[in-house]
Amino acid sequence: MASYQLLKPTKTGKPRIKLMSEFGYDESGKRLRKTKTVTLNKLTQINIIQAIAEFEKSLGLEQPSFYTSKKVSFNDFVEIFMCDYVKVELKVKSRNTYENYLNNGILDFFGLMLLHKIQTSQINLFFITQKKSKSGSIVEKFTFLNMLFNKAVEWGYIEKNPCSKATKPKRISRKTINYYNEEQVKKLLRIIPLLHIKHQLQIKIALFCGLRMGEIAGLRFESIDYSRNAIYVEKTLQYDKDEQRFFLDTTKTGENRFVYAPESLIEELQVYIEEKKKKLSKLGQKFYPIYDISGRPIYLIFSKDSGYPNHPDRMTKQWIDIVKKYDLPYITFHGLRHTFASYMLANNVNIKVIQEQLGHKNIRETLDTYSHIDIRQKEQATQLFNELNQ
C-alpha cells in the first residue's frame with residue numbers, strides 16, 4: 001500500500017511529495033520499498049490521489065490503495081483533467097473548445113455522478129438526449145468524453161472506459177462547403193471599396209491568400225515581406241478565457257509558411273501599416289499593446305486604435321454585418337478561405353501550391369477538404385472526352 005510525505009516546495013514554489021510503496025521483506029529480513037518524488041501543480045487531496053494511482057500503476061499494482069478515489073465525482077475529475085492534462089499538454093484553443101462542450105450539456109448530465117459508477121447505458125442516454133435537443137458537435141463531444149475516460153483509466157480512477165462499448169454517434173453527412181463562385185466574388189470586389197479600410201484588408205487577405213481568422217489577427221508589422229510580395233505566417237492570436245489575456249500562439253499545424261499575395265494587396269498593406277505606425281507613435285502612455293515573452297510590445301497590423309488586440313472572432317461579427325448590409329449570399333468569414341481554394345482549383349492551380357498557401361499539414365487534407373467540384377467544373381471535365389471522340 002502506498003503512502004506519502006510532504007517535502008519542501010520547488011524553487012518556483014510548487015508543492016512536492018515523496019511516494020512510498022512497501023512490498024514486504026527479502027530473505028535477509030530487509031524491508032522492500034519503492035519511492036518516487038512528485039511535483040504537483042497544487043497540494044490537494046485529488047492531486048495526491050492521482051499521483052499515488054499513477055505510481056502504483058507504474059509498479060504493476062492493479063487495485064488503487066486509496067478508497068477515497070471511489071468518492072471522486074465527474075465534476076471533480078473534470079477539474080483534474082482540465083488542470084493537469086488539457087491546460088498543460090494542449091493549446092488554449094483546445095481548452096476553450098472543451099470547456100464549451102462541458103458547459104453545453106456534459107456537466108449538467110454527468111456532473112454530480114460518481115466517476116466510477118458511470119455506465120455505458122448512461123453514455124448512450126446522454127447522446128440520445130443530445131440528438132433530441134439538436135445539440136451541436138455531438139461526435140466531437142463523444143470523442144472528448146472518450147479521451148477523458150481513457151485518462152481516468154490511465155490514472156487509476158476507474159477500471160474501464162464506459163465509452164468503449166457505447167454507441168458512437170454518427171456524423172451527419174458534411175454539407176457542401178460554402179464558398180463564392182466567380183460572379184459572387186466579383187460582386188464582393190465591387191463592395192469592398194465601400195468598407196472601412198481595416199475590413200477591406202482583412203477580407204482581401206482571406207480571399208486572395210486563404211489565411212485563417214486567427215492568422216490574420218496575429219499578423220504584425222514585420223509579417224509583410226515587401227520584396228517578395230509575401231506574408232510570413234507564423235503566429236495566431238489567441239484568447240485565454242481562464243486568464244483573460246491575449247497572446248500569440250503557433251499556427252494550427254505548428255509550421256510557419258510564406259503566403260504569396262497580389263502586389264496590389266501588399267502595396268495597400270504597406271500604406272496602411274505606415275499610417276498606423278504614425279498614429280501609434282503619437283499615443284505615448286495611451287499605447288496599450290500586448291507583450292511577447294521578452295517584454296517587448298507586439299505591433300499587430302489589425303488592432304484597436306490603442307494597439308490592443310481585437311478578438312479574432314470579431315471578424316466574424318463584422319463580416320455578418322457586411323453580408324446583411326450589402327445583400328451578399330451568406331457564407332462564413334472562413335468561407336472566404338474556401339473561396340480562395342475553390343477558385344484556385346477551378347483555374348487548375350497545382351494542388352501542391354494550394355496546400356502550401358493554405359498551410360495544410362499534408363496534401364491529403366487539401367484533397368479531402370476540397371473534394372467538392374461545382375457543376376461548371378463537372379461539365380468542363382465531361383467535355384474533354386467529347387473532344388477526344390471527334
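Look a little higher up for the structure.
This text gives an overview of the structure that appears in the document. Since the model is a prediction, treat every value here as computed from it, not as a measurement.

1. As for the overall build of the protein
Then step 1. Within the protein, the secondary structure is distributed over 14 helices and eight strands.
Then step 2. Expressed as a percentage of its 390 residues, the buried residues of the protein come to 42%.
Then step 3. The contacts of the protein with a sequence gap of at least 6 include a subset with a gap of at least 24, amounting to 60%.
Then step 4. With an accessible surface of roughly 23000 Å², the protein has 51% of that area assigned to carbon and sulfur atoms.

2. Details of the packing of helix α7 (residues 197–209) against helix α10 (residues 314–325)
Helix packing geometry: the angle between the two helix axes and the distance between the axes.
Then step 1. One way to put it is that α7 packs onto α10 with a least axis distance of 11 Å and a crossing angle of 100°. The angle between α7 and α10 falls in the class roughly perpendicular. The segment α7 lies against α10, with His199, Gln202 and Ile203 engaging Met315, Gln318, Trp319 and Ile322.
Then step 2. Looking at side-chain class alone, the contact of α7 with α10 contains four nonpolar, three polar and no charged residues.

3. A look at a nonpolar patch on the surface
Then step 1. Together, Tyr4, Leu6 and Leu43 make up a nonpolar patch on the protein surface, roughly 290 Å² of accessible area in all.
Then step 2. Relative to the elements of secondary structure, Leu6 occurs in strand β1 (residues 2–7).
Then step 3. For Leu6, a relative accessible area of 52% translates into the label exposed.

4. A short note on unusual backbone geometry
Then step 1. Despite not being glycine, Ser137 shows a phi value in the positive range, around 55°.
Then step 2. Position of Ser137 among the secondary structure elements: in the loop between α4 (120–132) and α5 (138–154).
Then step 3. On the accessibility criterion, Ser137 (37% relative accessible area) is partly exposed.
Then step 4. With a phi angle near 50°, Gln244 is a residue other than glycine that sits in the positive phi range.
Then step 5. Positionally, Gln244 belongs in the loop between β6 (236–240) and β7 (245–249).

Analysis parameters
Residues numbered from 1 in each chain as written. Predicted model: local features only at pLDDT ≥ 70, side-chain atom pairs only at ≥ 80, totals over all residues. Heavy atoms only, no water. Helix = DSSP H or I, 4+ residues; strand = E, 2+ residues; numbered from the N terminus. Buried < 20%, exposed > 50% of the residue type's maximum accessible area, 1.4 Å probe, protein only. Contact = heavy atoms within 4.5 Å. Areas by Shrake-Rupley, 256 points an atom, 1.4 Å probe, with all protein chains shown as cover. Axes fitted to C-alpha atoms, helices over the stretch in contact; angles between N-to-C directions. Parallel < 35°, antiparallel > 145°, perpendicular 65-115°, else oblique. Nonpolar A, V, L, I, M, F, W, Y, C, P; charged D, E, K, R; others polar. Patch = residues over 30% accessible without salt bridge, like charges linked within 9 Å, V, L, I, M, F, W, Y side chains within 5 Å. Salt bridge = Lys/Arg side-chain N within 4 Å of Asp/Glu carboxyl O.

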